[in-house]
Protein chains: 2
Amino acid sequence: MAGRITSVEVARRAGVSRSAVSRCFTPGASIADDTRKRVMDAAKALGYRPNAIARSLIAGRSRMIAVVVAYLENQFYPDLLARLADELQARGYHLLLFTGPSDGNSDALFAQILAYQVDGIVLASTSLSSALADECNAAGIPVVLINRTNDRAGVSSVTADNRNGARALADFLLAAGHRRFGYVAGSAGSSTNQDRETAFRERLAERGVTEVLREDGLYSQAGAAEAARRLLGRADRPDAVFCANDHMAIAVMDTARHELGLRVPEDVSIVGYDDVGPARWPSYALTSVEQPVGTMVDLAVAALLDRIEGREAAARIARVPGELVVRASARRPEHGVVRVDGRDVWRP
Amino acid sequence: MAGRITSVEVARRAGVSRSAVSRCFTPGASIADDTRKRVMDAAKALGYRPNAIARSLIAGRSRMIAVVVAYLENQFYPDLLARLADELQARGYHLLLFTGPSDGNSDALFAQILAYQVDGIVLASTSLSSALADECNAAGIPVVLINRTNDRAGVSSVTADNRNGARALADFLLAAGHRRFGYVAGSAGSSTNQDRETAFRERLAERGVTEVLREDGLYSQAGAAEAARRLLGRADRPDAVFCANDHMAIAVMDTARHELGLRVPEDVSIVGYDDVGPARWPSYALTSVEQPVGTMVDLAVAALLDRIEGREAAARIARVPGELVVRASARRPEHGVVRVDGRDVWRP
DNA sequence: ATCCTCTTTGCACTCGTGTGCAACGCAGCA
DNA sequence: TGCTGCGTTGCACACGAGTGCAAAGAGGAT
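Parameters at a glance
- Residues numbered from 1 in each chain as written.
- Chains lettered and ligands numbered in written order.
- Predicted model: local features only at pLDDT ≥ 70, side-chain atom pairs only at ≥ 80, totals over all residues.
- Heavy atoms only, no water.
- Helix = DSSP H or I, 4+ residues; strand = E, 2+ residues; numbered from the N terminus.
- Expected span 1.5 Å × (residues − 1).
- Buried < 20%, exposed > 50% of the residue type's maximum accessible area, 1.4 Å probe, protein only.
- Arc of directions from axis to C-beta.
- Contact = heavy atoms within 4.5 Å.
- Domains from an automatic or database assignment.
- Near = heavy atom within 4 Å.
- Polar contact = N/O pair within 3.5 Å; in protein donor to acceptor, adjacent residues only side chain to side chain.
- Nonpolar A, V, L, I, M, F, W, Y, C, P; charged D, E, K, R; others polar.
- Core = buried A, V, L, I, M, F, W, Y, C linked by side-chain atoms within 4.5 Å.
- Least-squares fit on C-alpha atoms with pLDDT ≥ 70 in both.
- Salt bridge = Lys/Arg side-chain N within 4 Å of Asp/Glu carboxyl O.
- Buried area = accessible area lost by both parts, 1.4 Å probe.

## Thoughts on helix 3 (residues 33–46) of chain A
Residues that lie three or four places apart on an α-helix share one face, since the helix turns once every 3.6 residues.
Residue and element names in this part refer to chain A.
So, step 1. End to end, helix 3 covers 20 Å across 14 residues, agreeing with the expected 20 Å (1.5 Å per residue, within 8%).
So, step 2. Buried within helix 3 are the following residues: T35, V39, A42 and A43. Seen from one end, helix 3 has its buried residues packed into an arc of 100 degrees, which puts them on one side. Facing away from the buried side of helix 3 by over 90 degrees, the exposed positions are D33, D34, K37 and K44.
So, step 3. The elements touched by buried residues of helix 3 are helix 1 (7–14) and helix 2 (18–24).
So, step 4. Phi turns positive, to about 75 degrees, at G47, one or two residues after helix 3.

This is the structure:
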């Protein structure tokens, strides 16, 4: 407000037409060097900035990407968000943030996203990923899911290689001599949770262990603490627990130690998934399969921008491998752990 | 793309003019009931959504708020961000996220923010808060700082009542019998850090303690761990350490316990500020002054929207009090701790 | 039946910028 | 000198919606 400067003022001051001003700010447009200089001088003197809103309107592209997240208390998501913002900013895009609706009403959210004419959408693990992804895809806006997949055609996704990660954890725990297993699950609808659980069970079954006790943690710490009480409070409690993510694993460890009086890993081994910051804190020293945030973001952004900018029309499904990082929250097998780049990792 | 539906199509299908369509989506506009119904039916049938970009252009207001954050690994900020997003969404605004530039170049950031014609700006603890705030304010865009203040006129801010919180911590530690104090500082330029440190020292001095050992933690966990090594490694180490925030306090606790072999709180009491999620985890049980995120966000949003929507032109400076929450990371005074709403708090 | 009032509607202009098209100027060449 | 061609420039239209103004219509009072 208060006298915004438009290209008209700049044009007048530089003694050229408004078109010339526009061309100065359009890469690749035809403009003489000295004209450009005159315009740029006038623009600087007046403090002119092209209006991105007007530009979006005419260009039909807003250079904004909608990002929908939930669970921001799980440190994996802030990390993801920070890298996403950096990466998009570096490529000249901007991040419109939406939080997953607590009221489960995706329609209002969808309407807002569409109204802003975003060029693409990143969905990071909200309970309504699938529905939203389908709607947006149907509306012709490129979508990429992070940390979720979706069977529908046309929707890109980037996840960790959850199946192989969970298999590695199974092997790791078996190698340490464990035989009684527990699993603390995330939300049942989450494909990531399903992949991790199924592969973990399958691998154990392949090696002769068919029973795995299961409790729901629902991706929350309160839920995980409850699960830990049920799982570890029983007489025939498991001696190894795989939690669907680190966020829950931390709550499970705290409950085991401070509430149930168990020693970790002497009484029970606990492993997680994600390798988030707190997993590295010495109080937890959580053994966990890393989910490489940087790589995942790079792939997601590439998949999205390749479609937006017309380089590739097809949806892309990426699965990113991660190391099993060995720390002190689980019994350590005698063989198979090697030191790489300052970390102990499982390489059987 | 692919045949976006505009108000023209809706108007044609409903057999009215484009103006009528516009008025249907403008609250308070004059429109007959049955016309509205015909238009709404047509809009629904075609899947029409008003284009927020075009609307912003003509209205001169984008209903977008730029939010600049850094330090997303400190859980306080994800919490803040989540509430901010919810609150803004609920009021019909949208959040354009920017991460503080690592290259210290605020000009590029400033240009991008201005280009998008945001209606307001929230600056949450970036190193360049002051410069950016002044520029935006000069450009006529309402600004509110969270967790920082700025002496300049015209800039609103919301902080905790850092001075009183720090004084309470001083009293609390003195009451527990401590006499040798250490302080792990945040970034020197941060007003929050200055307020906390100054008030802590002043209160101790009032009560006869003039020496406080000081180390820089720079708001990072690596920096705090280094500070802890220097501070607690010396022979005459302090027996009580106040860390400028919880994020650093956690690193200091871990370093003390797992690296230096100290017992907390028997050998050293550690207190922080913010009362973030991890402070409540039993492994830390950090005594800390809460920074009430919900209240702070509410005040910040109110201050911003009151200016944007013209209800109030003046900048507003808010200081929010918070409880000193007593847990197990610091020695507990014999008197003064009471139980309120399921928490132990310091009420001398 | 006439006049007045109030509601509803459409016309036309506006927001700030991108861009196709045609005109212009200048240089090079025959 | 006259023609061709290329690089520059301005005109005018477009993007999609909000809104003041005046005309049209409905309804009531006289």
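From this point, the narrative continues.
## Thoughts on the domain arrangement of chain A
So, step 1. Per the domain assignment, the segments making up chain A are domain 1 (7–50), domain 2 (62–160 + 293–320) and domain 3 (162–291 + 324–346).
So, step 2. A separation of 61 Å is found between the C-alpha centroids of domain 1 of chain A and domain 3 of chain A.

## Regarding the protein's contact with DNA strand D
So, step 1. In the vicinity of DNA strand D lie 27 residues, with R23 and T35 of chain A together with S7, S22 and R55 of chain B positioned nearest.
So, step 2. Within 4 Å of the protein, the contacting atoms of DNA strand D are 51% sugar and phosphate, with bases supplying the remainder.
So, step 3. S19 of chain A places a side-chain nitrogen or oxygen 2.9 Å from a base nitrogen of DNA strand D.
So, step 4. One of the side-chain nitrogen or oxygen atoms of Y48 of chain B is found 2.9 Å away from a phosphate oxygen of DNA strand D.
So, step 5. Of all the secondary-structure elements, those providing two or more residues to the surface near DNA strand D are helix 2 and helix 4 (52–59) of chain A together with helix 2 (18–24) and helix 4 (52–59) of chain B.
So, step 6. Taken together, the residues of the surface near DNA strand D break down into 11 nonpolar, 10 polar and 6 charged.

## Here's the deal with the nonpolar core
So, step 1. One finds I270 of chain A together with I270 of chain B to be the most contacted residues of the largest nonpolar core, which totals 161 residues.
So, step 2. Contact partners of I270 of chain A, with chain neighbours within four places excluded, come to V241, C243, A249, V252, M253, A256, V264, L286, T287, S329 and A330 of chain A.
So, step 3. In this structure, M64 of chain A together with M64, A133 and V155 of chain B belong to the second largest nonpolar core, which totals 46 residues.

## Quick look at the relation of the copies chain B and chain A
So, step 1. For these two chains of identical sequence, chain B goes onto chain A by a turn of 180 degrees and a shift of 0.0 Å along the axis, with RMSD 0.1 Å. This pairing of chains is accounted for by a two-fold axis. Nearest to the rotation axis, the C-alpha of L96 of chain B is located 2.3 Å from it, this being the minimum over chain B.
So, step 2. Most of the interface of chain B is mirrored in chain A: 98% of its interface residues are interface residues there too.

## Some points on the pattern of salt bridges
So, step 1. In total, this model carries 54 salt bridges over all chains according to the counting rule given.
So, step 2. With a closest N to O distance of 2.9 Å, E309 of chain A and R311 of chain A form a salt bridge.
So, step 3. On the basis of relative accessibility, which here comes to 51%, the residue R311 of chain A falls in the exposed class.
So, step 4. Put simply, D236 of chain B and R234 of chain B hold a salt bridge, and the shortest N to O gap is 2.9 Å.
So, step 5. Accessibility expressed as a relative area gives 39% for D236 of chain B, which makes it partly exposed.
So, step 6. Given the relative accessible area of 32%, R234 of chain B is considered partly exposed.
So, step 7. One network of salt bridges, in which partners are shared, links R167, D171, R203, E206 and R207 of chain A.

## Structural notes on the interface of chain B and chain A
So, step 1. Between chain B and chain A, the residue contacts involve 48 residues of the former and 47 residues of the latter.
So, step 2. Both faces combined, the contact of chain B with chain A buries some 4600 Å², and carbon together with sulfur accounts for 60% of it.
So, step 3. Summed over the three residues of chain B that lose the most area to chain A, namely I53, Y116 and W281 of chain B, the buried surface amounts to 16% of that side.
So, step 4. The tally of links between chain B and chain A comes to 0 salt bridges.

## Here we look at the protein's contact with DNA strand C
So, step 1. Of all residues adjacent to DNA strand C, which total 26 residues, the nearest are S7, S22 and R55 of chain A together with T35 and I58 of chain B.
So, step 2. Here DNA strand C approaches the protein such that, of its atoms within 4 Å, sugar and phosphate make up 54%.
So, step 3. Contact between DNA strand C and S19 of chain A: a base oxygen at 3.3 Å from a side-chain N or O atom of the residue.
So, step 4. Contributions of two or more residues to the surface near DNA strand C are made by helix 2 and helix 4 of chain A together with helix 2 and helix 4 of chain B.
So, step 5. Residues belonging to the surface near DNA strand C are distributed by class as follows: 10 nonpolar, 10 polar and 6 charged.

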